[in-house]
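Inside the fold
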Amino acid sequence: MAEDKAATAAAISAEVLDRLYATVQARKGADPETSYTAKLFHRGTSKIAQKVGEEAVETVIEAVRGDKAAMASESADLLYHLMVLWADAGLEPAAVWEKLAQREGTSGIAEKNARKS
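Residues numbered from 1 in each chain as written. Predicted model: local features only at pLDDT ≥ 70, side-chain atom pairs only at ≥ 80, totals over all residues. Heavy atoms only, no water.

**A few points about the packing of helix 3 (residues 45-65) against helix 4 (residues 68-89)**
Note the threshold: Each axis is a line fitted through C-alpha atoms, and for a helix only the stretch in contact is used; angles between axes span 0 to 180 degrees, taken between their N-to-C directions. Strands here are runs of E lasting at least two residues and helices are runs of H or I lasting at least four, both read from the DSSP assignment and numbered beginning at the N terminus. Here is the rule for angles: anything less than 35 degrees is roughly parallel, anything more than 145 is roughly antiparallel, 65 through 115 is roughly perpendicular, and the remaining ranges are oblique. Left-handed describes a crossing in which the near helix is turned anticlockwise from the far one by less than a right angle; the clockwise case is right-handed. Any pair of residues with heavy atoms lying within 4.5 Å of one another is described as a contacting pair. Under the scheme applied here, ten amino acids are nonpolar (Ala, Val, Leu, Ile, Met, Phe, Trp, Tyr, Cys and Pro), four are charged (Asp, Glu, Lys and Arg), and all others, including Gly, are polar.
The contact between helix 3 and helix 4 brings their axes to 8 Å, and the two run at 160 degrees. One finds that helix 3 runs roughly antiparallel with respect to helix 4. For the crossing formed where helix 3 meets helix 4, the hand is left-handed. Facing Thr45, Ile48, Ala49, Lys51, Val52, Glu55, Ala56, Glu58, Thr59, Glu62 and Ala63 of helix 3, the residues of helix 4 in contact are Ala70, Met71, Glu74, Ser75, Asp77, Leu78, His81, Leu82, Val84, Leu85 and Asp88. Each residue belonging to the contact of helix 3 with helix 4 can be placed in one class, and the counts come to eleven nonpolar, four polar and seven charged.

Encoded structure:
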């Protein structure tokens with residue numbers, strides 16, 4: 001039963017992220033005056049990357065503070081900005097999901113050592 005719940009939660013999470021990416025892609029050509037996503041695309045890769053960094057720092061700050069609700073909110077902001085960065089770079093989420101799947105069940109230490117070779 002716990003495994004079913006975890007699988008369902010994972011599927012819902014992946015669906016939410018895939019829908020978010022599709023929305024981000026759809027806003028690429030939108031008016032920067034009416035769409036924050038379009039404004040980010042208009043400002044370019046450097047600004048998008050800066051926003052990813054800012055949101056990552058804010059997520060870490062909330063983690064250190066121990067505020068789970070704020071951490072969840074900042075994590076959502078981080079994921080959104082990461083999706084914008086991926087879309088800007090032409091990186092499909094499936095490529096990231098594939099990398100994660102390849103690493104599944106592999107020790108983080110072993111995976112990191114394999115990258116050094």
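Right, picking up where we left off after that structure.
**Notes on the packing of aromatic side chains**
Selection criterion: Any two rings among Phe, Tyr and Trp, with Trp reduced to its six-membered ring, count as a pair given centres within 6.5 Å; such a pair is stacked if its planes are under 30 degrees apart, edge-to-face if over 60, and tilted if neither. A simple rule labels every residue: compare its accessible area, found with a 1.4 Å probe on the protein chains alone, to the largest value its type can have, and call it buried under 20%, exposed over 50%, or partly exposed in between.
For the structure on display, the rule yields two aromatic pairs. Relative to tryptophan 97, the ring of tryptophan 86 has its centre 5.8 Å away and its plane inclined at 75 degrees; by these criteria the two rings are edge-to-face. Residue tryptophan 86 is located in helix 4, and its partner tryptophan 97 is located in helix 5 (residues 93-103); the two are separated by eleven residues in the primary sequence. Residue classification places tryptophan 86 among the buried positions, given a relative accessible area of 11%. Taking relative accessible area as the criterion, tryptophan 97 reaches 26% and is therefore assigned partly exposed.

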